[in-house]
Amino acid sequence: MLREFNLLSFFARGITIGSMRNRIADALKGHDAEYIEVHFEESQSTQLVYRGKRLEEVDKSRSLGGNVRVLVRGSWGFVSFNDIEGLRNNVSLAVEEARMAGGEAFKISPAEPVVDVVAAEKRSDSTCVPLAAKKQLLDEYNEIVLGSPRIQSSNIIYRDVGRKVIFASSEGSYIEQDKPDLALRLTAIARGNGEIQQAGLSMGSRGEFSAIEGLQGEVKKVAKRAAALLDAPEVAGGEYTVILDPVLAGVFVHEAFGHLSESDFVYQNEQLRKIMVLGRRFGGGFLNIVDDATIPNLRGSYKYDDEGVPATRNYLVREGILTGRLHSRETASRMGEKPTGNARALNYLFPPIVRMSNTFIEPGKLSFEDMLGEVKDGLYVRDWYGGTTSLEMFTFSAAEAYTIHDGKVMGLLRAPVLTGNVFVTLGNIDAVGNDLDMNQGGGCGKGGQSPLPVSNGSPHIRIRHCVVGGK
Amino acid sequence: MERLLVRAMEVAQQAEVFRVSSRQVPVRFEANRLREIQTRESTSVALRIFKDGRVGFARASSVADEERLLEMAVETSQFGLPAEYQFPSLDSYPPVNTFDPAVGGVTMSEMVDMGSALIASITGHTAGVLCDVSVTRGMASVQILNSQGGKASYDKSFFGLGLEGTLVRGEDMLFVGDSASSCCLPVGIDGLADSIKRQLEWARESAALPAKSLPVIFTPNGVASALLSPLMLAFSGKMVLEGTSPLKGKLGERLFDAKLSLRDDATIACGPGSRPCDDEGVRSRRLPLINEGEILNFFYDLQTAALAGTRSTGHGDRAGAGFPRPASSSLVVEEGEVAFEDMVADVKEGLVVEQLMGAEQGNLLSGDFSGNVLLGYKVENGKIAGRVKDTMISGNVYRVLGELLGIGDKARWVGGAVYTPHLYCPSISVASGRGKGK
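Quantities reported herein were computed from a predicted structural model and do not represent experimental measurements.

## Examining unusual backbone geometry
Across the junction of A:Ser450 and A:Pro451, the peptide omega takes the value -5°, indicating a cis bond. Positionally, A:Pro451 belongs in strand E23 (residues 449–452). One non-glycine residue, A:Asn193, lies in positive phi territory at about 55°. With respect to the helices, strands and loops of the structure, A:Asn193 is situated in the loop between strand E7 (181–192) and strand E8 (195–205). Although it is not a glycine, B:Asp390 adopts a positive phi angle of roughly 50°. Note that B:Asp390 resides in the loop between strand E16 (383–387) and strand E17 (391–396).

Below, the structure written as structure tokens:
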């Protein structure tokens, strides 16, 4: 059942890109379909998981597979597979599925065929770092956590992936891209006073191992914060003026607005399209929200999306007004707008859907101190546990919170969950700081495809009347 | 698999090969229209070896070559945990019904018809609802082979229906949804349609709640979305072993309301989480976790059990073909005696929680939860008065489940992994406001 066959050995055997292209082109010929696309993907990953003093899991994996997506008379067929040799049959199966679904009016917008090979920059590629070196660094971080006062345990999850993806379409596109990724989540767990509290650190990169080196100081702070939370009081639930640090504000912009900008939520819903009409005001004139996959070297960066469309920079909100949204070729066609290159798939098991890339609030003019000085009573919330959205309402959870009183940051509080409503909360942002910072940790989940590498960021922002959960 | 095992045993003291292959066919409707039909095939193979006394692990999609798989497992074994357990030598298991051959016989066109009928039923009830529907059939086969003579293999079928409905009125968005699944047919659309229509009816009017502590009734969906994640962490042998479970050292103690009993059961016929053995070849069993409020067991896989000086409870889970970890299979909350209608009738002012959003993002280890009521209804003088919005509830599962006013008399499956009735809690903190100031 196991055979030696993979894309790398394809290249090693001297099979040129041209011949790979020809192979795919042959398999795409002669089917009754408006559009056919093929993805092949080869990946290898390393995962290390620590719990407390034990390195519990050391896991290496390799994967090879592909998929075919076809559009026949307005409906889609999709087939994913591990055996990349049976391509022609899989195309036929996808065509049969689409024909069965047939008769709907799904379309894709026109796109220029692209032929390109995009190699990853090899600066300190994590897949080339020996396992022993990865372990040594993580051991060191783990010891810092476990050696800190009142720490009961730790949890470290490290994962790097080297991924090569080939995209080809019946329109003549052929694109090879390297899409490496690296993510680290470190959690310190403190126990005392009959309580268990935790604090964490999330980092990531496009495969550069150096991005997670030299974090000893940060790690120490995380352990300290977990211990401090044991003595911290709970927030009382209610409405507050809150200041979000750049990390939490990044999660906020992703959940509060980013997802609603993904046009697949909107394109078939006439009511929603009326609400999300371009030109509508969502926030103050100082509010600018951007999604940009073209910024070099962030986790959500790429040159082409998984429909072969070049990545673009998009203002979602400009000067407080809705000015753009994220599209696949399909949603763009339906809404009469241009594709933005935001169709992304987690891996070959899934078809591409509309996703964010690097999403952020542009910096304004205020310093954090100015913003803080104007708050009589409020909360300063920092860092994140997570966030989620139903489009209209969303939640985002802070990892640390402090009382603000008379313009000063006071005592530490338990980490609260905050909530908002997209039609109200963006309008309640009354200050945007000057200190933009992009956060590379975490990942995004949608439609069962999780975690997709994205980044998000913001300067400090201030929100009036934000609902905070608590006792 | 045999050849890989033989090759591995040339360098290892023990070895285990796990293989899972699956074929899923989802039929997907978007905004009431049939969007696509998919076929997803995948195969994964995992190799675990004990070499020089340490655990090595690697996995690959089946077409990768086996020499590479072995090479990777040998490499990881240099850093693996000491191998202090044996692979189980079982080669037969009591049967658990996880396969219905009729599932494979359902045609794509029958699946399309089911989806269309479901959508027609919902849109006929409430005009303007846009439904995303999936109708999925699947087949999987699992094989485990190890050097200690252990051998397991079983097939599993799956049939699932899911619906998410969106109703936008002005700037108000209502989300309703539910799902039904089983290893066996029939999985009918009627129960699902009725549940969604009831959600639409109860959400038709809107209602506001004051910000204070109020009685809360969790529906089965509400129980699953708000209360179970922290408990699953707390009952994991891993958290108990490392001392981060609040339940560590509490076996035999009564920490929960005496009306509450909870078990994990992978042997339920046709249960989507059922299986004759876990992903390490340890026999499935019905494991009581809470009996009448008293903590009875934690769940373990092989490695965690060895470290904790106990035995695997048959809860080694690979989430595909990954490294095994302890996890629940099918959680069952024992039915109580109170009808949902009687719970509602008992509440003067309170809340029914159907879906809580964001509850899994807090400090789950401590049992704290806090979330936005994505779908919930105000109860006023014993009657459901309408949907609440822009409302958060916050609490701690140990306090909430420490005192219950009632447990529902009818349990149901939620998402194929949880079987639970309604739970009626005396008091949970509610915060609300639309952020416009008061």
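## A word on the interface of chain B and chain A
Contacts between the two partners involve 87 residues from chain B, matched on the other side by 92 residues from chain A. For the pair chain B and chain A, the summed buried area comes to about 7,700 Å², and 54% of that belongs to carbon and sulfur atoms. Summed over the shared surface of chain B and chain A, the result is eight salt bridges. Residue B:Glu242 pairs with A:Arg51 through a salt bridge whose shortest N-O separation is 3.1 Å. Counting every contact that joins chain B to chain A gives 39 residue pairs in polar contact (both at pLDDT 80 or more). A per-class count over the side of chain B that touches chain A returns 31 nonpolar, 28 polar and 28 charged.

## With respect to the sheet that holds strand E10 (residues 294–295) of chain B
Residues and elements named next belong to chain B. Ordered in space as E10-E9-E8-E13-E20-E19, the six strands form an open sheet in which the pairing is mixed. In this open sheet, the two edge strands, each paired with only one partner strand, are E10 and strand E19 (412–414). By the bridge criterion, three bridges tie strand E8 (residues 262–265) to strand E13 (residues 331–333) in an arrangement that is antiparallel. Across the sheet, the residue bridging to Arg263 is Val332, located in E13.

## Some details on the state of the cysteines
Two cysteines form a disulfide when their sulfur atoms are joined by a covalent bond. Residues and elements named next belong to chain B. This model, assessed by the stated rule, comprises one disulfide over all chains. Here Cys184 engages in a disulfide with Cys270; their sulfurs sit 1.9 Å apart. Judged by the torsion about the S-S bond (-80°), the Cys184/Cys270 disulfide is left-handed. Here Cys184 is found in the loop between strand E6 (172–182) and helix H5 (190–202), whereas its partner Cys270 is found in the loop between E8 and strand E9 (286–291), with 86 residues between them in sequence. Looking at Cys184, the relative accessible area reads 9%, which means it is buried. The buried category is assigned to Cys270, whose relative accessible area is 16%. Distance from the sulfur of Cys277, which forms no disulfide, to the nearest cysteine sulfur (Cys183) is 14 Å.

## Regarding helix H3 (residues 87–101) of chain A
All names here are of chain A. Over its 15 residues, H3 extends 21 Å from the first C-alpha to the last, a length consistent with the 21 Å expected when each residue adds 1.5 Å. Within the sequence span of H3, burial applies to Leu87, Asn90, Val91, Leu93, Ala94, Val95, Glu97, Ala98 and Ala101. Directly after H3, the chain includes Gly103, whose backbone phi takes a positive value near 90°.

## Considering the packing of helix H4 (residues 108–125) of chain B against H5(B)
Residue and element names in this part refer to chain B. The contact between H4 and H5 brings their axes to 10 Å, and the two run at 25°. Classified by the angle their axes make, H4 and H5 are roughly parallel. Crossing of H4 over H5 shows right-handed handedness. Along its contact with H4, which presents Leu118, Ser121, Ile122 and His125, the element H5 presents Leu192, Ala193, Ile196, Lys197, Leu200 and Glu201.

## A look at the domain arrangement of chain A
Residues and elements named next belong to chain A. Along its sequence, chain A is organised into domain 1 (7–229) and domain 2 (238–468). One C-alpha centre belongs to domain 1, the other to domain 2; they are set 23 Å apart. Facing 49 residues of domain 1, the contacting portion of domain 2 comprises 39 residues. For the domain 1 face of the interface with domain 2, the top three residues by lost area are Arg206, Arg225 and Leu229, together amounting to 16%. Linking domain 1 with domain 2 are eight salt bridges. Between Arg225 and Glu400 there is a salt bridge, with the nearest N and O atoms lying 2.9 Å from each other. Considering each element in turn, the side of domain 1 that touches domain 2 owes the most residues, eight residues, to E8. In terms of residue class, the side of domain 1 that touches domain 2 is made up of 18 nonpolar, 15 polar and 16 charged.

Basis of the calculations
Residues numbered from 1 in each chain as written. Chains lettered and ligands numbered in written order. Predicted model: local features only at pLDDT ≥ 70, side-chain atom pairs only at ≥ 80, totals over all residues. Heavy atoms only, no water. Helix = DSSP H or I, 4+ residues; strand = E, 2+ residues; numbered from the N terminus. Contact = heavy atoms within 4.5 Å. Buried area = accessible area lost by both parts, 1.4 Å probe. Salt bridge = Lys/Arg side-chain N within 4 Å of Asp/Glu carboxyl O. Polar contact = N/O pair within 3.5 Å; in protein donor to acceptor, adjacent residues only side chain to side chain. Nonpolar A, V, L, I, M, F, W, Y, C, P; charged D, E, K, R; others polar. Pairing = 2+ DSSP bridges. Disulfide = S-S within 2.5 Å. Buried < 20%, exposed > 50% of the residue type's maximum accessible area, 1.4 Å probe, protein only. Expected span 1.5 Å × (residues − 1). Axes fitted to C-alpha atoms, helices over the stretch in contact; angles between N-to-C directions. Parallel < 35°, antiparallel > 145°, perpendicular 65-115°, else oblique. Left-handed = near helix turned anticlockwise from the far one by under 90°. Domains from an automatic or database assignment.

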